[in-house]
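# Descriptive structure summary
Each chain is listed here by its residues.
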Amino acid sequence: MAPSVRTTEGTSVSQPLPEAAARSARRRFVRIVPTDEAHGVTTLELFFDLVFVFAITQITAFMAADLGVRGCLRGLVLLSLLWFAWCSYSWLGNQAHADEGLLRGAYILAMAAMFVVALAIPEAWGDEGGGVSAPLLLAGGLTVVRTTHLGVYAVAAVGDSGLRRQLARTAVPVGLSAALLLVGAVLGGPAQTALWAAALIVDYSGIYFSGTEWRLPAPGHFAERYGLIVLIALGESLIAVGVGVGHLPVTVPIVAGALLGMAVSVALWWAYFDVVAPVAERVLRRRQGIDRVRLARDSYTYLHFPMVAGVIYLALGLKKVAQNVGGGHHHALTDPLPTTALWALYGGVAAYLLGHLAFRMRNIGSINRPRAVVAVLLLPAPLALGQVPALAALAVLAGVLLGLIAFEVVRYADARAAVRAELAHQ
């Protein structure tokens, strides 16, 4: 029987035994709180995203330090590895509340491992010695993130045999990919590149073909998670401008470059969030069962990657523009962008728009022709702008994107108004 104590008012209240209180605390720590249709993004998930922000900032700096085809390809490999690590937790947080019980501990552990991964990115292919092997630290951290996800997901799937079968199948490519990463980190050199590329192929193809017995009880939460990660990537493009000129005195060209960079980022924000994102969320909400899972997998986990990757390459280009117009690294205002930076600037935006086109095609089965035309024009544009001053090249890009948005606003005014009115009354 629980002991009782007398309060100042003279009444008696029962006090739980220490053992009972401890058991209650343990139950609260390990409990799983399922989500429902109305579930939204939690503050812990937003906190988790901040670590991802640091990681993608590190990737941009990594590519800027090794500006060339090799550096850009290695940056893409790193971003691909981080992307699936992030995506896995977007699915887990849709299954159960991220800030409750066992998931809270799992998210915090994954954040710590991801932070270590981000710290290792600058030496991912060139450990400087004198400490822990950076490639091995990176591979080990990613392994912790992915295995923690699978283990906690299995607990959250108690009573759901189909979901547990899915997790068992998924563990095969995840485990093989982790092994390839670890072995590659130990071997280093060309073998590391080859094995890490193989790890990506195994992971991406293995997850896709492992089945569709996942669950997606909260479509609004899922769409919001991916909208937020696009927003984070766009924020990185602005940060890149600031970092590129952070050590230089503010001048008129620097202000002009910053405003043009912001214009590009705002145009990309408008292209996604004005109509595309809410329409896609509405389509996802209307699907049920396996159809919803397949749509979420294709439209968000896979087709959002070229959008995010495109913005990261844009950030690289903007960083180099800022350095040019600021006179850093002995650049003059009339100097053109380095070839790789110019292709990153224009190719990144083209990849973003192509991602949009695929996203729309998967969701509603149609193509946005103006965006398709602009994407096709941007792809070869660096061939014509190779000798143009960096600021002028950025101005051309900003002008094209702002022109695209203005055209869409006028051309599709009635359809846009109808869509936004319908969404406002949901």
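Let me begin by describing the structure that accompanies this report. (Residues numbered from 1 in each chain as written. Predicted model: local features only at pLDDT ≥ 70, side-chain atom pairs only at ≥ 80, totals over all residues. Heavy atoms only, no water.)

### Focus: the layout of surface pockets
Where empty space is left in the structure can be found by rolling a water-sized probe over the atoms. There is about 550 Å³ of room inside the largest pocket. Forming the walls of the largest pocket are 25 residues, and the residues nearest its centre are Val275, Val276, Arg360, Asn368 and Tyr412. Elements with a contribution of two residues or more to the lining of the largest pocket: helix H9 (252-273), helix H10 (276-286), helix H13 (339-364), helix H14 (369-378), helix H16 (390-411) and helix H17 (413-424). Ranked by residue count, the leading element in the lining of the largest pocket is H13, at six residues. Counted by class, the lining of the largest pocket contains 16 nonpolar, three polar and six charged residues. (1 Å grid on protein atoms, 1.4 Å probe; cavity = no way out; pocket = protein on both sides within 12 Å on 5 of 7 lines; lining within 4 Å. Points joined across faces, edges and corners; volume = space filled by probe spheres on them. Helix = DSSP H or I, 4+ residues; strand = E, 2+ residues; numbered from the N terminus. Nonpolar A, V, L, I, M, F, W, Y, C, P; charged D, E, K, R; others polar.)

### A few points about H13
With 26 residues, H13 should reach 38 Å at 1.5 Å per residue; the first-to-last C-alpha distance of 37 Å fits that figure. Phi turns positive, to about 75 degrees, at Gly365, one or two residues after H13. (Expected span 1.5 Å × (residues − 1).)

### Topic: the side chain of Thr42
If you trace the backbone, Thr42 turns up in the loop between helix H1 (18-30) and helix H2 (43-65). Discounting chain neighbours no more than four positions away, the residues touching Thr42 are Ala98 and Asp99. (Contact = heavy atoms within 4.5 Å.)

### What to know about the nonpolar core
Formed by 130 residues in total, the largest nonpolar core has its most connected members in Trp83 and Trp196. Broken down by element, the residue count for this core peaks at 14 residues, all from helix H3 (residues 69-95). With sequence-adjacent residues up to four places away left out, Trp196 is seen in contact with Val77, Leu78, Leu81, Ala124, Trp125, Pro135, Leu138, Ala139, Leu180, Leu181, Gly184 and Ala185. (Core = buried A, V, L, I, M, F, W, Y, C linked by side-chain atoms within 4.5 Å. Buried < 20%, exposed > 50% of the residue type's maximum accessible area, 1.4 Å probe, protein only.)

### Description of the pattern of salt bridges
Evaluated as defined, the whole model comprises 14 salt bridges. For Arg362, the salt bridge goes to Asp298, with nearest N and O atoms at 2.9 Å. Remark: Asp298 occurs in helix H11 (residues 289-302) and Arg362 occurs in helix H13; sequence separation between them is 64 residues. Arg362 gets classed as partly exposed once you look at its relative accessible area, which sits at 27%. Note on Asp298: relative accessible area 10%, which makes it buried. (Salt bridge = Lys/Arg side-chain N within 4 Å of Asp/Glu carboxyl O.)

### Overview of the packing of H10 against H11
Look at H10 against H11: their axes get within 9 Å of each other, and the N-to-C directions meet at 155 degrees. By the angle between their directions, the pair H10 and H11 is classed as roughly antiparallel. Note on packing geometry: the crossing formed by H10 with H11 is left-handed. Where H10 approaches H11, its residues Ala280, Glu281, Val283, Leu284 and Arg285 are matched on the opposing element by Arg292, Leu295, Ala296 and Tyr300. In terms of residue class, the contact of H10 with H11 is built from six nonpolar, no polar and three charged. (Axes fitted to C-alpha atoms, helices over the stretch in contact; angles between N-to-C directions. Parallel < 35°, antiparallel > 145°, perpendicular 65-115°, else oblique. Left-handed = near helix turned anticlockwise from the far one by under 90°.)

### Let's talk about the environment of Pro380
Take Pro380: it is sitting in the loop between H14 and helix H15 (381-384). The sequence separation of Pro380 and Gly347 amounts to 33 residues, and the corresponding C-alpha distance is 8.6 Å.

### A word on empty space enclosed by the protein
As enumerated under the stated definition, the model contains two cavities of 30 Å³ or more in all. Estimates place the volume of the largest cavity at around 230 Å³. Where the lining of the largest cavity is concerned, the elements lending two or more residues are H3, helix H5 (134-156), helix H6 (161-187) and H11. The greatest single-element share of the lining of the largest cavity, amounting to five residues, is contributed by H11. Of the residues contributing to the lining of the largest cavity, the split by class is nine nonpolar, six polar and three charged. Within this model, the second largest cavity holds a volume of roughly 80 Å³. Elements represented by at least two residues in the lining of the second largest cavity include exactly H3, H5 and H6. When residues in the lining of the second largest cavity are grouped by element, the largest group, four residues, is from H6. Residues belonging to the lining of the second largest cavity are distributed by class as follows: six nonpolar, two polar and two charged.

### Regarding the environment of Gly326
Among the secondary structure elements, Gly326 is positioned in the loop between helix H12 (304-325) and H13. In this structure, the C-alpha to C-alpha distance between Gly326 and Val252, residues 74 residues apart in sequence, is 9.2 Å. Excluding anything up to four places from it in sequence, Gly326 contacts Leu248 and Ile254.

### As for the environment of His304
Secondary-structure assignment places His304 in helix H12. When the C-alpha positions of His304 and Ile229 are compared, they lie 9.3 Å apart, and in sequence the two are 75 residues distant. Beyond its immediate stretch of four places on either side in the chain, His304 contacts Trp83, Tyr226, Val230, Tyr272, Ser299 and Phe359.

### Quick notes on a nonpolar patch on the surface
On the surface, a nonpolar cluster with roughly 430 Å² of combined accessible area is contributed by Leu136, Leu182, Val183, Val186 and Leu187. Structurally, the position occupied by Leu136 is in helix H5. (Patch = residues over 30% accessible without salt bridge, like charges linked within 9 Å, V, L, I, M, F, W, Y side chains within 5 Å. Areas by Shrake-Rupley, 256 points an atom, 1.4 Å probe, with all protein chains shown as cover.)

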